[in-house]
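Each chain, letter by letter, is given below.
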Amino acid sequence: MAHKKAQHSSGGGGGSGHGDDDRPWVYFMIDAFFLCTQFFVITFKVKSDEVVLPQKMPPGGSAPARTVAVDTKKKLTVHVMRTGGAASYLFMSREMNLSSFCDMLSSSVSAGQEYQVRVSYEPEVPFQDVISVFNACSKVKIAECGLIPLRGRDAGQ
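Calculation rules
Residues numbered from 1 in each chain as written. Predicted model: local features only at pLDDT ≥ 70, side-chain atom pairs only at ≥ 80, totals over all residues. Heavy atoms only, no water. Helix = DSSP H or I, 4+ residues; strand = E, 2+ residues; numbered from the N terminus. Buried < 20%, exposed > 50% of the residue type's maximum accessible area, 1.4 Å probe, protein only. Contact = heavy atoms within 4.5 Å. Areas by Shrake-Rupley, 256 points an atom, 1.4 Å probe, with all protein chains shown as cover. Expected span 1.5 Å × (residues − 1). Arc of directions from axis to C-beta.

A. Seen up close, the overall build of the protein chain. The helix and strand tally for the protein chain stands at three helices and five strands. For the protein chain, the sequential pattern of α-helices and β-strands runs α-β-β-β-α-β-α-β. A burial count over the protein chain gives 22% of its 157 residues as buried. Taking as baseline every contact in the protein chain between residues at least 6 positions apart, the subset at least 24 positions apart corresponds to 61%. Surface exposure of the protein chain reaches about 12800 Å², of which carbon and sulfur atoms provide 58%.

What follows is the structure in C-alpha cells.
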C-alpha cells in the first residue's frame, strides 16, 4: 500500500504540514483516553459513611479487663510402642494391648467431663497403631485427640 505524501509548501499554504490524514491512530488514542476517563469518573464514589469513634472512655480506664480462660478439659496421655512385634499402649502408667486400652479408656471417661487425648509414639511404630488410638477416642466420643510433636517416652511430660 502506498501512502500519500504531503506536499510541503514554503509559503503560507492552507495545509498544516503535519499530515493529519495519514495518522488516523491519533483519533483512536484520543477516543481511548476519553473512554478511560469516563470510566473512572462514572465509577468514582465518595465514601459518606465514616465511623465516628465514641468520645467516652470505658469505665475502669482505657485498658480492657483481662479474663483468664480456664481450661476445664482433662488431659490424657497415650504413648504407642512396639514390643515383641505387637503394638503396646502406655496409658495411665500401665502398658497394655489395644483391646485392654479401649476398655480402660471407656471406663475412665465420664459423661459430664470433657477430655483431651495427646498421643505420642516411637519412630518404629507403624502409623496404623497410632490411628487405632484415634479410633478408640472417637468410639467413646472424645472430640479432641491429637499428636504430640515429640517422640519418645518423655514426650508426654
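So, next bit.
B. Helix 3 (residues 127-139), seen in detail. The end-to-end C-alpha distance of helix 3 is 19 Å, a good match for the 18 Å that 13 residues give at a rise of 1.5 Å each. Regarding helix 3, the residues found buried are Asp129, Val130, Ser132, Val133, Ala136 and Cys137. Buried residues of helix 3, seen end-on, are gathered within an arc of 145 degrees and therefore sit on one face of the element. With respect to the buried face of helix 3, the exposed residues turned more than 90 degrees away are Gln128 and Lys139. Buried positions along helix 3 lie against strand 1 (74-83), strand 2 (86-91), helix 2 (98-108), strand 4 (115-121) and strand 5 (144-147). Remark: Lys141 follows helix 3 within two positions and exhibits a positive phi of approximately 65 degrees.

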